[in-house]
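# Topology and contacts: notes
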Amino acid sequence: MRKLIFILLWLALAAVIYGQLTFTNELLSAAQKGGAEAQFQLGICYQDGLGVQQDMMIAYQWYGLAAEQGHPGAQNNLGYCYFNGEGVAQDKKEAVKWYRQAANKGLAAAQFSLGMCYETGEGIVKNKKEALKWYEMAADQGHARAQYFLGRLYCNGGGVDQDKFEAIKWFRLAAAQNEIEAINDLAYCYKYGEGTAPDPKEAVRWYRRGAELGDAHSQYNLGLAYASGEGMNQNKSEALSWYLSAAEKNHPAAHYSLGLAHLNGEGTAKNATEAEKWLLSSANLNFAEAQYALGKEYYTGANLAKNHAEAAKWFLRAADQGHSTAQYEIGLSYAFGDGVPENAYEAFFWLSLAAAKGEEDAVSARDLLASEFSAKDIDNILERIEVWFGDHYTE
């Protein structure tokens, strides 16, 4: 307990010191005389360019000298250098070695980093139980990222029995420290009743907190809540405002929602030009729903100028991301030569993918085409489908 209190006091003091840290000749002299703390601080100056030109190689050298003397902060930062290949050749096994030395001295940041190495298997054999252990040690010291990662393990059942109630406990602790991913996951849990009773108002409260911190995902979800009136009074104009905030940070779904709002006149006047602009920007950010929506709009000409070649282009883009309805649509396009050259082979391929994902109309369309192919042709297409699934759905 005395050791833990000392570490917490040291970290509190360090936050004050390093907030004012800058390179001085006095600091350099102390480091050259072998002072571990001075060497560590000098490493930070070179790493962050505090009063001196940034130089990770020199930072690495000073961290190494302090780390050899047992300085926990320097050991952690030396681990960072090795892990990321900054100032030294990347060596994740060496990173784990230094993280462990600092972690064993009780440094929360190092305990968290060591936990990450165990969780991902980087620099060491993957072991989620060990990851859990180190996350717990860091989380108990108030390390926000460790609290979030610990919650995630409990949520998914990694290295421990799944316990979403326990996950929420850790998400809440991390969220209270403005850990953005924890804020979003906690809001999600309240929205959908994961580990707790559904509470739309509480979900909105956390999304608002994230939104006010400038997080695009929170801003987008707050916009959705305003649009639907879930957990608050419906206000589609306010929804539009939050979509815009998220879109400014290139949130693809926010661009898409802005496109739909202008297309349907929700929260704003109908404006096909604005709708097309936002749908195109979302589609170019590889948002499959926007790509499919553009395809439908160009195909039907209901709001945008009819262009079947453009429709086929966007159906294909969405289809290759696994959008099953787009796979069906591009399959039909190839079958009838609508917007693309007629190609029964391509039609059968895309209709088969759509059928495999439950598109009922694709099943009958595929079966109609099957008579055009030999057994060998179908085997070749099935091999291509297998490769496609392997490329698109790897763990």
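Preceding this section is the structure that the text describes.
Below you will find a few notes about this structure. Treat the numbers as computed from the prediction; the structure is a model and nothing was measured.

To continue, consider the overall build of the protein chain. Regarding its fold elements, the protein chain presents 22 helices and zero strands. A globule of 395 residues ought to have a C-alpha radius of gyration of about 21 Å, yet the protein chain, at 27 Å, is considerably larger. Looking at the protein chain as a whole, 45% of its 395 residues qualify as buried. A separation threshold of at least 6 residues defines the contact pool for the protein chain, and within that pool the share at least 24 residues apart is 46%. As presented, the protein chain carries roughly 19,300 Å² of accessible surface, and 51% of it is formed by carbon and sulfur atoms. The average position of the 34 basic charges and that of the 49 acidic charges among the side chains of the protein chain differ by 7 Å.

Attention now goes to the packing of aromatic side chains. Tallying each qualifying case throughout the model produces 19 aromatic pairs. Taking the centre distance of 5.6 Å and the plane angle of 65° together, the rings of Y135 and F149 count as edge-to-face. Of the two residues, Y135 is situated in helix α8 (residues 128-139) and F149 in helix α9 (residues 144-156); the sequence distance between them amounts to 14 residues. Relative to F149, the ring of Y148 has its centre 5.7 Å away and its plane inclined at 85°; by these criteria the two rings are edge-to-face.

Now for unusual backbone geometry. Even without a glycine there, the phi angle at N178 is positive, about 65°. Summarising the element assignment, N178 is placed in the loop between α10 (164-175) and α11 (180-192). Despite not being glycine, N250 shows a phi value in the positive range, around 60°. Relative to the elements of secondary structure, N250 occurs in the loop between α14 (236-247) and α15 (252-264). Overall, N250 belongs to the partly exposed group, its relative accessible area being 48%.

This next bit is on the side chain of E119. Along the chain, E119 turns up in helix α7 (residues 108-120). With relative accessibility at 11%, the residue E119 sits in the buried group. Setting aside residues no more than four positions away along its own chain, E119 makes contact with K126, K128, A131, Y135, F149, R152 and L153.

Now for the pattern of salt bridges. Evaluation of the coordinates by the stated rule reveals 15 salt bridges. Two residues, E202 and R205, come together in a salt bridge whose shortest N-O distance is 2.8 Å. Placement of both E202 and R205 in helix α12 (residues 200-212) is noted, with a separation of three residues, approximately one turn of the helix. Using a relative accessible area of 44% as the deciding quantity, one classes R205 as partly exposed. A single network of salt bridges, built from pairs that share partners, joins R145, E179 and E181.

Another point: helix α16 (residues 272-284). A rise of 1.5 Å per residue sets the reference length of α16, with its 13 residues, at 18 Å; its end C-alpha atoms lie 18 Å apart and thus fit the reference within 8%. Every buried residue of α16 is listed here: A275, W278, L279, S282 and A283. One face of α16 carries all of its buried residues, which in axial projection span an arc of 135°. Exposed positions of α16 whose direction lies more than 90 degrees from the buried face are T273 and N284. Of the surrounding elements, those touching the buried residues of α16 are α14, α15, α17 (288-300) and α18 (308-319). Its side-chain oxygen at 3.1 Å from the backbone nitrogen of T273, N271 defines the N-terminal cap of α16. Where α16 terminates, the next one or two residues include N286, which has phi positive at roughly 65°.

What follows is about helix α3 (residues 36-48). Compared with the 18 Å implied by 1.5 Å per residue over 13 residues, the 18 Å span of α3 between its first and last C-alpha is a close match. In terms of burial, α3 is a largely internal element, 11 of the 13 residues being buried. Three or more residues of α3 are buried, namely A36, A38, Q39, F40, Q41, L42, G43, I44, C45, Y46 and Q47. Two residues or fewer after α3 comes G49, characterised by a positive phi angle close to 70°.

Quick look at the environment of G35 now. Tracing the backbone shows G35 in the loop between α2 (25-32) and α3. Look at G35 and you get partly exposed, because its relative accessible area is 27%.

The next point concerns the packing of α10 against α11. Two elements in contact, α10 and α11, have axes whose closest approach is 8 Å; the angle formed by their N-to-C orientations is 135°. Classed by the angle they form, the pair α10 and α11 counts as oblique. Crossing geometry of α10 relative to α11 is assigned as left-handed. Of the residues in α11, those in contact with I168, F171, R172, A174 and A175 of α10 are A182, I183, D185, L186, C189 and Y190. Split into classes, the residues belonging to the contact of α10 with α11 amount to nine nonpolar, no polar and two charged.

Procedures and definitions
- Residues numbered from 1 in each chain as written.
- Predicted model: local features only at pLDDT ≥ 70, side-chain atom pairs only at ≥ 80, totals over all residues.
- Heavy atoms only, no water.
- Helix = DSSP H or I, 4+ residues; strand = E, 2+ residues; numbered from the N terminus.
- Rg over C-alpha atoms; globule rule 2.2 N^0.38 Å.
- Buried < 20%, exposed > 50% of the residue type's maximum accessible area, 1.4 Å probe, protein only.
- Contact = heavy atoms within 4.5 Å.
- Areas by Shrake-Rupley, 256 points an atom, 1.4 Å probe, with all protein chains shown as cover.
- Lys, Arg positive; Asp, Glu negative; His and termini not counted.
- Charge placed at Lys NZ, Arg CZ, Asp CG, Glu CD.
- Phe/Tyr/Trp six-rings, centres within 6.5 Å; stacked < 30°, edge-to-face > 60°.
- Salt bridge = Lys/Arg side-chain N within 4 Å of Asp/Glu carboxyl O.
- Expected span 1.5 Å × (residues − 1).
- Arc of directions from axis to C-beta.
- Polar contact = N/O pair within 3.5 Å; in protein donor to acceptor, adjacent residues only side chain to side chain.
- Axes fitted to C-alpha atoms, helices over the stretch in contact; angles between N-to-C directions.
- Parallel < 35°, antiparallel > 145°, perpendicular 65-115°, else oblique.
- Left-handed = near helix turned anticlockwise from the far one by under 90°.
- Nonpolar A, V, L, I, M, F, W, Y, C, P; charged D, E, K, R; others polar.

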